[in-house]
Amino acid sequence: MPSHYTFAPRIKLPPAPFRKKISQKQSLMQKQPEQSRMDKIVSLAKRRGFIFQSSEIYGGLNGFWDYGPLGVALKRNLKECWWHDMLTGHDELATLPGAPTPYEMTGLDCTIIMHPQVWKCSGHFDLFHDWLVDCRESKRRYRYDHLKGRWASHREKRVFVVTEQSGDEALVETAAKAQKFFGLRANKSSEIEWAEAMVPLAGNAPFAEALGPDAASPGTLTEPREFNLMFETRIGALAGNDDDRAFLRPETAQGIFMNFKNVVDTSRVRVPFGIGQIGKSFRNEITPRNFTFRSREFEQMEIEFFCKPNDSAEWYRFWRDRRWNWYLNLGLTPGRLQLREHDADELSHYSVGTADIEYAFPFLPDGEFGELEGIAHRGDFDLRSHMEGKLVRRDGELVVETDDAGKPRHRGSGKDLSYFDDISRERFVPHVIEPSAGADRAVLAFLCDAYHEDEVPDEDGKPRSRTVLKLHPRLAPLKVAILPLVKKDGMPEVAIDLYRKLKPQMATMYDEKGSIGRRYARQDEAGTPWCITVDGQTLADTTVTLRDRDSLTQVRVPLDECVDLLRSRLA
Ligand code: ATP
């Protein structure tokens, strides 16, 4: 959830920049991001076929990423865990800890392109903006709320030196730029007088005195302009006028609201219930960056949970905690995960809460976190918008926005999206709790968290450094590798037989190429939790060696118990 998210639509409002999770000063004093660790993760992701730059042979396309053989398996496993744990595996008869009552969950898969009115009533058409600033000199474009800087003066001259960087990198960059600007040698740089703080450009410096991040002279940055993040397209062969304009969805959530009535009318769900959806979303981000973290095409995993208004506060807390625990149960390191409740002044008047689940990605300065998922209490805003028309807040109330003629600015569907509870005989517009997660950001967090370097003994007992992905077995692209110790003496035959028993049950690989040490190393890098080795003893007593990726223990297991054993470990 963006920090500038103060009103019901998930809309980019004009910047209330730098509402940081830690103070600016604190961040400047802290160490640089673990860039080399991040570089290693990016390089492993490419080398082992997790993630590739899209259209790489043509030079790549900024903000677009492809998942290779291991990556697609990891991402599918992650989405499958979410779908299972939130929807299909949910016990609809039980009252889960923290939940006011039992509840039902169901799924949906709707189109990426929807009626343009959807985005007008949701608020995205008018408000889904970032603010951008162009540099007339370098021709580069920046997100206004990402620009910050500090005042530097030397003799009679002063300038506001602007940077996009954070933490120590921001200090280093601004110092170098100021030195160049004032034409000083390195040994004279201490003559520069600095205003103490690094502050946002917004509201702190006239543009005429701002020295842009890639400019040589001040005054080249343009005034900020709104930039709608929705990708536009045209529908139909004769498309040409504005009425044919359609949008690639910037979130999957609206498709769920579109189908709320369909689901209620056609299935047996009763409030409280949730609808989940996984699918692509598109945002024309001004500055895609940090590997897949901010992409222009990405996947979301979203739930809209519909409940009675009076119970909504309890349901909000339930979902916040349920989603938090999901990441922990799949193995994210607790110390790198943070639950950030939005301050009261960030909430809309009816909302009891919004929280972000955040992860300390290695590309961020120490102490900073990036959003993985937002959990929002949205009241009845969404269903009412699609009934009545685009809503605005006036005198603390949500009312339909009108134009100069007093007509709705964006007309709603006019369809009744209220719900009739036939037991309590009440009719109401359900309130909504929305846990909204990014699949790509989650994959990135699990990859970063799983990345470890350690030492293991090689075949001769000498320590050998290894790179290992300690992925949770449910997420691991491959669950087990079957390795004959040597390519002779009947070992491959036994190993292939075992491979064929395991393959229909779980992602299994057979590998007989290279030394056993190299084969273990390959599996460790891919995050495979178990390796089974068929060796000389197997032929004598029909046992195999089961090696555990994390503990490195090797135990002998009867050959005919392998399938059941691994299945039970994965269950
Ligand atoms: P941010 O503040 O980082 O731009 P957001 O608050 O706008 O994110 P939401 O609108 O709440 O994001 O979207 C829900 C989830 O979708 C986010 O928590 C994130 O995991 C994912 N997401 C949003 N934008 C992107 C993006 N450009 N690239 C990858 N994932 C994204």
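That block above? That's the structure.
The structure displayed is predicted, hence computed values, not measured ones.

Undergrad: Would you explain the sheet that holds strand 23 (residues 431-438) in this entry?
TA: Strand pairing in a sheet is mediated by backbone hydrogen bonds. Such pairs are either parallel or antiparallel. Reading across from one edge, 3-14-15-23-18-17-16 is the order of the seven strands in this open sheet, with mixed pairing throughout. With partners counted over all chains shown, the strands left at the sheet margins are strand 3 (104-107) and strand 16 (337-341), one partner each. Adjacent strand axes in the sheet meet at a mean angle of 20 degrees when their direction is disregarded.

Undergrad: Explain helix 11 (residues 439-450) to me, please; I cannot follow it from the model alone.
TA: Helical geometry note: an α-helix holds 3.6 residues per turn, so side chains three or four residues apart project in the same direction. Given a rise of 1.5 Å per residue, 12 residues ought to cover 16 Å, and the 16 Å separating the end C-alpha atoms of helix 11 matches this to within 8%. Buried residues dominate helix 11, accounting for 12 of its 12 residues. Three or more residues of helix 11 are buried, namely Ala439, Asp440, Arg441, Ala442, Val443, Leu444, Ala445, Phe446, Leu447, Cys448, Asp449 and Ala450.

Undergrad: Help me understand the sheet that holds strand 11 (residues 225-228), please; the structure alone is not making it clear to me.
TA: Ordered in space as 5-4-11, the three strands form an open sheet in which the pairing is antiparallel. Because the sheet does not close on itself, it has two edges, and the strands there are strand 5 (141-143) and strand 11. Taken pair by pair, the neighbouring strands of this sheet meet at an average axis angle of 45 degrees, ignoring direction. For strand 4 (residues 129-134) and strand 5, the ladder comprises three bridges, and the chain directions are antiparallel. Directly across from Leu132, in strand 5, lies its bridge partner Arg143.

Undergrad: I tried to follow the pairing of strand 30 (residues 554-558) on my own but got confused; where do I start?
TA: If a strand is regular, its side chains alternate between the two faces of the sheet. Pairing geometry for strand 29 (residues 543-548) and strand 30, over five bridges, is antiparallel. Across the sheet, the residue bridging to Arg547 is Gln554, located in strand 30. Linkage of strand 29 to strand 30, two consecutive antiparallel strands, is achieved through a turn of five residues, within which Leu552 is found at a positive phi near 65 degrees.

Undergrad: How should I be thinking about the packing of aromatic side chains in this particular structure?
TA: Pairs of aromatic rings are described using the distance from one ring centre to the other and the angle between the two planes. In total, this model carries 25 aromatic pairs according to the counting rule given. Pairing Phe257 with Phe306 gives two aromatic rings, centres 6.3 Å apart and planes at 85 degrees, and the pair type is edge-to-face. Of this pair, Phe257 sits in helix 7 (residues 253-258) while Phe306 sits in strand 15 (residues 297-307), and the two are 49 residues apart along the sequence. Here Phe257 matches Phe306 in class, with each residue buried. Chaining the aromatic ring pairs together yields one cluster made of Tyr103, Phe305, Trp315, Phe318 and Trp319. Above the plane of the ring of Trp151 lies Arg158, whose end atom (NZ or CZ) is 3.6 Å from the centre. Taking the ring centre of Phe293 as reference, the NZ or CZ of Arg441 above it sits at 3.7 Å.

So, how was this worked out
- Position numbers for residues count from 1 along each chain, tracking the sequence in the order it is written.
- The predicted origin of the model limits local features to residues at a pLDDT of at least 70 and limits the giving and counting of side-chain atom pairs to 80 or more, whereas totals for whole chains, interfaces and linings rest on all residues.
- Water and hydrogen atoms were dropped before computing side-chain values, which therefore reflect all heavy atoms in the structure.
- The rule for pairing is simple: two strands pair if DSSP sees at least two bridges between them.
- To qualify as a helix, a DSSP run of H or I must reach at least 4 residues; to qualify as a strand, a run of E must reach at least 2; elements of each kind are numbered from the N terminus.
- Between N-to-C directions, angles span 0 to 180 degrees; the directions come from axes that are lines fitted to C-alpha atoms, helices contributing only their stretch in contact.
- Expected helix span is given by 1.5 Å per residue-to-residue step, counting one fewer step than there are residues.
- Buried residues are those whose accessible area, probed at 1.4 Å on protein chains only, stays under 20% of the maximum for their type, while exposed residues exceed 50% and partly exposed ones sit between those limits.
- Stacked, edge-to-face and tilted labels apply to pairs of Phe, Tyr and Trp rings (six-membered ring for Trp) whose centres lie within 6.5 Å, assigned for plane angles under 30 degrees, over 60, and everything in between, in that order.
- Put simply, a charge is over a ring when the Lys NZ or the Arg CZ is close to the ring centre, within 6 Å, and near the line of the ring normal, within 35 degrees.

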